Amino acid sequence: MTENQFDDFFRKKLQHHESAVPEDMWQRIDRRKNKRRRFIFWWSLAAVLLIGITTGSYFLVHNGTKESVVAVKQSNQKEKETISSQSKKSSIEKSNSTQTNLSRKEANKNNGQQADITAGKQQQKSSASSGETNAYNHNDKRSVKALNKANNSRAGIEPIKPEAGNNNTQKQKDTYVQNNNQSRQTLEEKDKETSLHPDTLQKNETVKSAPATQAIKSADSSITQNVAVKTVKKKKERTPKDSYIELYASPDYAWKQTSSANQYSDYLKTKNGAEKSTLSFSVGFRYVQMLNSHFFIKTGLQFSQINEQFKYKSLNEYRTISVDVSRSILIDNGYTFISSRSLLRQVGYRIVEQNNRYSSFDIPLLIGYETNGSSSFKASVTSGVIFNIHSAYKGYMVDSTLKAVNINDAGAYKSQMGTSLYFSLGLSKKISDNLSLFGEPYIRYRLSSMTQPSQPFNQKIHSAGLSLGVRYKF
Amino acid sequence: MTEHELIKGCIRKDTTCQRMLFETYSGRMMTVCLRYACDHPEAEDILQEAFVRVFTYIAQYKHEGSFEGWIRRIVVTTALKTIQKRKIKFRELTDAGQDASQIQPHALTNLTEAELMKMINELPDGYRLVFNLAVIEGYSHEEIAKLLDIQPGTSRSQLVKARRMLQEQIISLQKIAV
C-alpha cells in the first residue's frame, strides 16, 4: 500500500464523518453570540463618548482662549486711546506751566516785592507740590517695582527705572505719565503673552493691577477709574479653564445587598454564607475639565475588580472508583490465582474553595466643586454616575439546587452590572506647577440588580474605597 | 431553503437561519474539532468559538469555493489558535514505526471512523496537527509551516512519522484480531 493510498483512505473516511454534538451547544453559541454583540456595542459607545468628550473639551478650551485674547486686545486698544489723550493733556499742561513761569519771571523783574511774595507763595506751593511729588515718586517706585518684578522674566523688555525725586510737580506728572505709558505698553505685551496662559495671567494681573491702581489713584483719579474698570473687566473675561488628567488606584471594600422571594430565603442564606468579601481594587484614569475656578467635570475609564472567597461544602457528591481484587486459592496441590475488578460508587461531600472575581469596565461622568484654599492644598467634593460598559465573572456560586457551579455556566449575572451613583470628598496637594497628588475617599452605590431575571435572587454590590493618585495639568 | 438563502438569512442575523446552518454543519465540524483537540471539552470549546466567528464574519464570504470549505477553514484556524496556546512541541520520536508498504489494503477495510479518530487522537500534538492539516485538509507543507510557524522540513518529517505511528497502530490492531 502506497503512502497516497494510505492518505486517501483516511481522507475519504473522515472528511465527511459526522460526530455527535452536545445538545446544549446551540444555546451556548447563541448566548456567546449575544454577549459578544453587547460587548462590541458597549465598547463602541465608550469609545465614541470618550472621543466626543475629549474633542468637545479641546474645542471648548481653545475657543475660550481665543475669545479672551480678542477681549484683551480690545481693552488694550481702549487703554491706548485713553493714555494718549492723557499724554496730550499733560503736554498741554506742561507748555502752560512754562508760559506761567516765564510770565512770573517778567513780573519779578518789574516788581521785586510782589516777586518776593509770589516767590514765597510759589515756594510754599512748590513745597506743597514736592510733598505730592514724593508721594508720586513713592507710588511710582512701587508700581514700577511691581511691574519690573512681573517683567523680569521677559527677555527684551527693559525694566523701568523710577526717576530720582524732582521738585517740579509738572515734570513729575510728565515722568509719571511717561512711566505709566511705558508700564502700559509693558502691560500690553505682558497681557498678549499671558493671555495664552490663563493661570499665569490671573496671578500676574493681581500683582500688577494692585500697586498700579494705587499709584494712579494718588496721581489722577480719572486714570484710576479707567484702569480700575478695565482691571475688573479683564478679570471677568479671563476665566481659567484648566484641564487635567488623573491616574489613580484604590483599595476597595465591597458589600452585597441581596433579596429573594420567601421560598428561596434558605437558599439565599446558604449562598451568601459561602461567599466572603475580600480586598478589592479599582484603577483608572480621568479627564478633568475646569468649568470655572471652582466647578469641574470629570470623565474617563475605570477598571474595578471585586474579590471574594468562595468556600462551600457540596453535599451528595458521587464518585466512582474501580477496585481490583486478586487472590490465590489452593486447589488440590496447586494455587489458582483469581483476579476481579469491580466498580464502586461512593457518596460524600466535596469542599470547593475558589477566589471569585467580579470585574467591570466603567465610564464615570462626574461633577464637582473645588475650594481655592491655600495654594498648596485644595479640598473638593465630587458626585455623579458611573456607567458600566462590561462586566465579567470568574469563580463559583451555589445554585438553587445547592450545588457549587461555575458562575458562567450558571449564567446568573448580567454582562453589565448596571449604573452606580458616586460620591467622594477629596484633598489634593500641589507638588509642582503641573503635578499634584490627591486622595479621595469615595462611596459607590449600585442602582440596579446584577442578576439575570431568571435567577431566584437579586443582588447588588456596593463599594467604598480610597482613590490615591496623581493629577497632571496640561 | 437553498444555501444562498441560508447565507443571506445569516447575514441578516436571522436566528432561524443561523440555527439551520448550525444544524447542517455542526456534526461534520465537530469531527474536525475532535481531530485537533486533545479532549472532548476542548473540542466543544473550539466548535462554540468557531460558530460564533462564522456568524460574525459570514458577510465576508464571497461565494468563491464551497461554503463548507469556508466554514471548515474557520474551524481549523480556531482550533489551531486554541491549541497553540498550549505551546506545542514538535518532538522527534524514535523512528521505530512500520513502513506503509507492509500494510495490506484489505487490512484497512474493517477499520471504522471511530477507530481512525481514536488512532489520530493518540498521536502526539505535533504529529496530529501536521497529519490533519496535510492529509485530511489538504494543506501543502509550506502552508502548514506558515500556520504553525515551523520549517517546511519539520512539517514533512512530522508527517512521515505520524504516518508510521498510525501504521504501527493498525498493524498491532491486526495482530490482536488474529
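This is a predicted model, so every value here is computed, not measured. (Residues numbered from 1 in each chain as written. Chains lettered and ligands numbered in written order. Predicted model: local features only at pLDDT ≥ 70, side-chain atom pairs only at ≥ 80, totals over all residues. Heavy atoms only, no water.)

**Looking at the overall build of chain A**
Moving on, step 1. When you go through chain A residue by residue, the secondary structure sums to eight helices and 11 strands.
Moving on, step 2. Every one of the 474 residues in chain A was classed for burial, and the buried ones make up 37%.
Moving on, step 3. In chain A, of all internal contacts separated by at least 6 residues, the share reaching a separation of at least 24 is 74%.
Moving on, step 4. Only carbon and sulfur atoms are counted for the fraction: they give 55% of the accessible area of chain A, which is about 27300 Å². (Helix = DSSP H or I, 4+ residues; strand = E, 2+ residues; numbered from the N terminus. Buried < 20%, exposed > 50% of the residue type's maximum accessible area, 1.4 Å probe, protein only. Contact = heavy atoms within 4.5 Å. Areas by Shrake-Rupley, 256 points an atom, 1.4 Å probe, with all protein chains shown as cover.)

**Notes on the environment of A:R36**
Moving on, step 1. Position of A:R36 relative to the elements: it lies in helix α2 (residues 25-110).
Moving on, step 2. Sequence spacing of A:R36 and A:S415 is 379 residues, and the spatial spacing of their C-alpha atoms is 9.9 Å.
Moving on, step 3. Setting aside residues up to four positions removed in sequence, A:R36 forms contacts with B:E49, B:V52, B:T56 and B:Y57.

**Overview of unusual backbone geometry**
Residue and element names in this part refer to chain B.
Moving on, step 1. Residues other than glycine seldom take positive phi values, yet K13 does so here, at roughly 65°.
Moving on, step 2. With respect to the helices and strands, K13 occurs in the loop between α1 (3-11) and α2 (15-36).
Moving on, step 3. Look at K13 and you get partly exposed, because its relative accessible area is 42%.
Moving on, step 4. The phi dihedral of H63 is positive, around 60°, even though this residue is not glycine.
Moving on, step 5. Positionally, H63 belongs in the loop between α3 (40-57) and α4 (67-84).
Moving on, step 6. Take H63: its relative accessible area is 41%, and that puts it in the partly exposed class.

**Things to note about the nonpolar core**
Moving on, step 1. Of all hydrophobic cores here, the largest spans 63 residues; its most connected members are A:F10, B:L21, B:Y36, B:F51, B:F67, B:I71 and B:F131.
Moving on, step 2. If we ignore the near neighbours within four places in the chain, the residues touching B:L21 are B:L6, B:C10, B:F51, B:V54, B:F55, B:I58, B:F67 and B:I71.
Moving on, step 3. With 21 residues, the next largest nonpolar core counts A:A254, A:L268, A:A274 and A:V398 among its residues. (Core = buried A, V, L, I, M, F, W, Y, C linked by side-chain atoms within 4.5 Å.)

**Describing the pairing of strand β3 (residues 280-290) of chain A**
Residue and element names in this part refer to chain A.
Moving on, step 1. Of all 11 residues in β3, eight are buried; the element is thus mostly enclosed.
Moving on, step 2. Here strand β1 (residues 243-260) runs beside β3; their pairing, made up of 10 bridges, is antiparallel. From the neighbouring strand, L247 faces β3, where its bridge partner is F285.
Moving on, step 3. From the end of β3 to the start of strand β4 (residues 295-331), which pair antiparallel, there are four residues. (Pairing = 2+ DSSP bridges.)

**Concerning the pattern of salt bridges**
Moving on, step 1. All chains considered together, the criterion is met by 25 salt bridges over all chains.
Moving on, step 2. Among the salt bridges present, the one from A:E440 reaches A:R286, with a minimum N-O distance of 3.2 Å. With a gap of 154 residues between them, A:E440 in strand β10 (residues 435-446) and A:R286 in strand β3 connect regions that are remote in the sequence.
Moving on, step 3. Judged by relative accessible area, which is 0%, A:R286 ranks as buried.
Moving on, step 4. A salt bridge links B:E23 to B:R19; the shortest N-O distance between them is 3.0 Å. (Salt bridge = Lys/Arg side-chain N within 4 Å of Asp/Glu carboxyl O.)

**A word on the side chain of B:Q18**
Moving on, step 1. Along the chain, B:Q18 turns up in helix α2.
Moving on, step 2. Leaving out residues up to four positions away in the same chain, B:Q18 has contacts with A:W26, A:K33, B:C10, B:K13 and B:F55.

By themselves, these observations are geometric and do not establish any function.
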